[in-house]
Amino acid sequence: MNKIPVSIKLTHPNDPILQAKMRWFMDQPGCSFQTGEPDLLPILHLTRKGIFLDDGQNRLSFHPNLAIIRILQGLRGEQDRFLVATNVKPGQTLIDATLGMGADALVAAWKVGESGKVIAFEHSPLLAALMKEGLLSLKDKQLPRIMNSLKLNAWKELILASQRIEVIWGDHQKLLTELPESSVDVVYFDPMFRRTREKSSSIQPLHRYSDHRPLQQEAVQEAYRVACSRIVLKERKGSSEFVRLGFQVFNGGRYSQVDYGIINCCSTKEETF
Ligand SMILES: C[S@@+](CC[C@H](N)C(=O)[O-])C[C@H]1O[C@@H](n2cnc3c(N)ncnc32)[C@H](O)[C@@H]1O
């Protein structure tokens, strides 16, 4: 995966907290950060209010917006298609093999509860570092002005969930080979869509820094070896990826643009993949 060099800029260069954050980022595996004059590089801004990447056109930062809405819906008893598709349960371990901006990982970490765990792989070193820092920092977050107790509860649950996610930089195909057989419950893939229609400014920076390769059959085979419950793939509705990779499409979400495909592990493990 290409390493795009990024410059780091501190709004308050003498602030010891920002200096420590800069050292932390520079220590992250795979990243190639540079200090000093930016010289047309994308800039990672470390500010007292937060951290964001600015590539001159768009900004990218960690924000658990989507996850908080989904946890709120979950607390109201509404169904989440991702949770239904993964069938992940309290106490279980889920591997999110394509972390991205972490919404699905946070929702899974909420569902597995305090005795469960989410291991999240991300091949982009910059995204992995941004996500790791964002998740770690959530516990120190000043909660926004809360409108009602359900929303306050959702934020508290989200903060607890964020601490159950272990972010690992690397290619999921390789990382999965390092795990023992049947050592987790669910492996989840949400690769970048091969035919993307998402041109919005919020998704553009993710596109620039993420790994766009299609999911490999070998990665699915490794997931099958590692998972004991199921493997789940999220893809565009009607995508030929489900057939190519051997997933059975999970019905539901008639109006949604995405579908989930499932490979059940427990029932089929005796058969050849
Ligand atoms: C569509 S995004 C995932 C979005 C995520 N589910 C969420 O809720 O925000 C896909 C992410 O997977 C990462 N990715 C793609 N291939 C990968 C691989 N082989 N190993 C690890 N990460 C990968 C991309 O860099 C990208 O950040």
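About the cut-offs
- Residues numbered from 1 in each chain as written.
- Predicted model: local features only at pLDDT ≥ 70, side-chain atom pairs only at ≥ 80, totals over all residues.
- Heavy atoms only, no water.
- Pairing = 2+ DSSP bridges.
- Helix = DSSP H or I, 4+ residues; strand = E, 2+ residues; numbered from the N terminus.
- Contact = heavy atoms within 4.5 Å.
- Axes fitted to C-alpha atoms, helices over the stretch in contact; angles between N-to-C directions.
- Near = heavy atom within 4 Å.
- Polar contact = N/O pair within 3.5 Å; in protein donor to acceptor, adjacent residues only side chain to side chain.
- Areas by Shrake-Rupley, 256 points an atom, 1.4 Å probe, with all protein chains shown as cover.
- Nonpolar A, V, L, I, M, F, W, Y, C, P; charged D, E, K, R; others polar.

- Per an unreviewed UniProt entry, the protein chain goes by Protein-glutamate O-methyltransferase and derives from Desulfitobacterium metallireducens DSM 15288.

Concerning the sheet that holds strand β5 (residues 59-60)
And then number 1: Reading across the sheet, the five strands line up as β2-β1-β3-β4-β5 and stay open at both edges, with mixed pairing between neighbours. Unpaired on one side and paired on the other, β2 (33-34) and β5 mark the two borders of the sheet.
And then number 2: When strand β1 (residues 6-10) meets strand β3 (residues 43-46), the two strands line up parallel, connected through four bridges. Bridge pairing in β3 places Ile8 opposite Leu44.
And then number 3: Helix α1 (residues 16-27) rests against β1, β2, β3 and β4 (51-54) of the sheet, and its axis sits at about 165 degrees to β1.
And then number 4: Along the sheet face, helix α5 (residues 125-138) touches β1, β2, β3, β4 and β5 and points at about 160 degrees away from the line of β4.

Focus: the sheet that holds strand β9 (residues 184-189)
And then number 1: If you walk across this open sheet you meet the seven strands as β8-β7-β6-β9-β10-β12-β11, and the pairing is mixed. The open sheet has two edge strands, β8 (165-169) and β11 (248-250), and neither has a second partner. Direction aside, neighbouring strands of the sheet carry axes that sit 25 degrees apart on average.
And then number 2: For β9 and strand β10 (residues 227-236), the ladder comprises five bridges, and the chain directions are parallel. Across the sheet, Val184 pairs through a bridge with Ala227, a residue of β10.
And then number 3: Helix-sheet contacts for α5 involve β7 (117-122) and β8, and the interaxial angle to β8 is about 160 degrees.
And then number 4: Contacts from helix α9 (residues 217-226) reach β6 (93-96), β9, β10 and β12 (258-264) within the one sheet, and its direction differs from that of β10 by about 145 degrees.

What to know about the site of the ligand
And then number 1: In the vicinity of the ligand there are 21 residues, among which Glu122, Asp171, His172, Asp190 and Asp211 approach most closely.
And then number 2: Between Asp104 and the ligand, the recorded distance is 2.9 Å, taken from a side-chain N or O atom to a nitrogen atom.
And then number 3: Relative to its unbound accessible area of 610 Å², the ligand is 92% covered by the protein chains.
And then number 4: Listing elements by their share of the shell around the ligand, those giving two or more residues are α4 (103-112) and β7.
And then number 5: Residue composition of the shell around the ligand, by class: eight nonpolar, seven polar and six charged.

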